[in-house]
Protein chains: 2
Amino acid sequence: MVVYELSEEQANKVFRALADATRRDIVRRTLRAEVSVSELAASYDMSFAAVQKHVAALEAAGLVSKIARGRERIVRGQPDTIRHAQELLSSLEEIWRQRISRLDDFLADGDK
Amino acid sequence: MVVYELSEEQANKVFRALADATRRDIVRRTLRAEVSVSELAASYDMSFAAVQKHVAALEAAGLVSKIARGRERIVRGQPDTIRHAQELLSSLEEIWRQRISRLDDFLADGDK
DNA sequence: CTCATATACAACCATTTGGTTGTAGGTTAC
DNA sequence: GTAACCTACAACCAAATGGTTGTATATGAG
């Protein structure tokens, strides 16, 4: 199974995009169902343009995509990008796991 | 099993901290083995103070911890915080999975 | 004791971020 | 056709970020 890893630049954008509660909420809502930008904007205590910028940041990170439907822009969460971020974190955890594994080996060696 | 979830503020800090290639590299290195701040600083093309700031950002996020050892400060990666971030991403993916599951139900219903 | 090393931290600066308002262009409803 | 709606985007601003240099302090080596 080929997994397209995040480039450093993409990883920066993805984590940066996730580092904001409003944007995480947008991701949640757009994963749950398709939502227009104006529907999103109605939910937050900020201007339409501000929400637009959040959506743009998420789109640049690949965490959501937008498609035109009439005069609306429908926003969809992109689970694949979430998964890529998960994989990056898993690779970090794996580094630690391997270190513990080496430590176990060392201790086992000490028993001999 | 009780899992201490990240607060919104903590989540912001964790993802913000991960949104930088140098900081991700510091996390990798300190998960692999304990490293002093000056050892870290030697690896990157920036001032000692700059690396210090990166470590401080990671420490504030709970992604590393520092302990004094003589005149050095030893930096350790904190796998638990990585795991919390993974769980947050998993909860996002789960939202999507449930949506797909509802869609499947709907399609199955259509067959009746 | 003295010197070199390791760190902490303040002050400063350029750039980025996250918000605002204002203007303009499509699309839908009536 | 016209008014209302949805979006795009530019210009602007304050605050945060990510770097710098400089100074001070604590520890270890010889």
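Residues numbered from 1 in each chain as written. Chains lettered and ligands numbered in written order. Predicted model: local features only at pLDDT ≥ 70, side-chain atom pairs only at ≥ 80, totals over all residues. Heavy atoms only, no water.

J.: What exactly am I supposed to notice about the overall build of chain A here?
T.: Each helix and strand counted, chain A has 5 helices and 3 strands in total. The 112 residues of chain A split such that 39% are buried. For chain A, restricting intrachain contacts to residue pairs at least 6 apart in sequence, the fraction spanning at least 24 positions comes to 53%. When the accessible surface of chain A is summed, it comes to about 6,500 Å², and 50% of that surface belongs to carbon and sulfur atoms. (Helix = DSSP H or I, 4+ residues; strand = E, 2+ residues; numbered from the N terminus. Buried < 20%, exposed > 50% of the residue type's maximum accessible area, 1.4 Å probe, protein only. Contact = heavy atoms within 4.5 Å. Areas by Shrake-Rupley, 256 points an atom, 1.4 Å probe, with all protein chains shown as cover.)

J.: Quick question: what am I supposed to make of the protein's contact with DNA strand C here?
T.: Taken together, 21 residues lie around DNA strand C, and A:S47, A:K53, A:H54, B:S38 and B:R73 are the ones closest in. In this structure, a phosphate oxygen belonging to DNA strand C sits 2.5 Å away from a side-chain N or O atom of A:S47. Here a phosphate oxygen of DNA strand C and a side-chain polar atom of B:Q52 are 3.2 Å apart. Those elements that place two or more of their residues in the surface near DNA strand C are helix 4 (48-61) of chain A together with helix 3 (37-43), helix 4 (48-60) and strand 3 (72-77) of chain B. Among the residues forming the surface near DNA strand C, the class breakdown is 6 nonpolar, 6 polar and 9 charged. (Near = heavy atom within 4 Å. Polar contact = N/O pair within 3.5 Å; in protein donor to acceptor, adjacent residues only side chain to side chain. Nonpolar A, V, L, I, M, F, W, Y, C, P; charged D, E, K, R; others polar.)

J.: Explain the protein's contact with DNA strand D here, please?
T.: As a matter of local geometry, DNA strand D sits amid 21 residues, with A:S38, A:R73, B:S47, B:K53 and B:H54 nearest to it. At the protein interface, 66% of the atoms of DNA strand D within 4 Å belong to sugar or phosphate. For DNA strand D, a phosphate oxygen lies 3.4 Å from a polar atom in the backbone of A:V37. Within the side chain of B:K53, one N or O atom sits 2.2 Å away from a base oxygen of DNA strand D. Listed by contribution, the elements that provide at least two residues to the surface near DNA strand D are helix 3 (37-43), helix 4 and strand 3 (72-77) of chain A together with helix 4 of chain B.

J.: Could you clarify how one ought to interpret the pattern of salt bridges in this entry?
T.: Close approach of charged atoms allows side chains with opposite charge to pair. Counted by the stated rule, this structure contains 16 salt bridges over all chains. Where B:E59 meets B:K66, a salt bridge forms, and the shortest distance between an N and an O atom there is 3.7 Å. Under the relative-accessibility criterion, B:E59 is labelled partly exposed at 33%. With a closest N to O distance of 2.8 Å, B:R83 and B:D80 form a salt bridge. Placement of the pair is B:R83 and B:D80 together in helix 5 (residues 79-111), with a separation of 3 residues, close to one helical turn. Among the charged side chains, a network of salt bridges with common partners joins A:E34, A:R69 and A:R76. (Salt bridge = Lys/Arg side-chain N within 4 Å of Asp/Glu carboxyl O.)

J.: Just to check I follow, could you spell out the interface of chain B and chain A for this structure?
T.: Interfaces are often sized by the accessible area lost when the parts come together. Listed per partner, the contact involves 31 residues of chain B and 31 residues of chain A. Contact with chain A buries area across many residues of chain B, yet B:R24, B:L89 and B:L92 alone supply 18% of it, more than any other trio. Applying the counting criterion to the chain B and chain A interface returns 4 salt bridges. B:R83 is the partner of A:E93 in a salt bridge, and the nearest nitrogen-oxygen pair spans 2.9 Å. At the surface where chain B touches chain A, the tally comes to 10 residue pairs in polar contact (both at pLDDT 80 or more). For the side of chain B that touches chain A, the secondary structure elements donating two or more residues are helix 1 (8-18), helix 2 (21-32) and helix 5 of chain B. Ranked by the residues each element gives to the side of chain B that touches chain A, the list is headed by helix 5 of chain B, at 14 residues. (Buried area = accessible area lost by both parts, 1.4 Å probe.)

J.: What exactly am I supposed to notice about the nonpolar core here?
T.: Core analysis: the biggest nonpolar cluster contains 56 residues, and A:F15, A:L63, B:F15 and B:L63 have the highest contact counts within it. Once residues lying within four places of it in the same chain are set aside, the contact partners of A:F15 are A:A85, A:L88, A:L89, B:F15, B:L18, B:A19 and B:R24. (Core = buried A, V, L, I, M, F, W, Y, C linked by side-chain atoms within 4.5 Å.)

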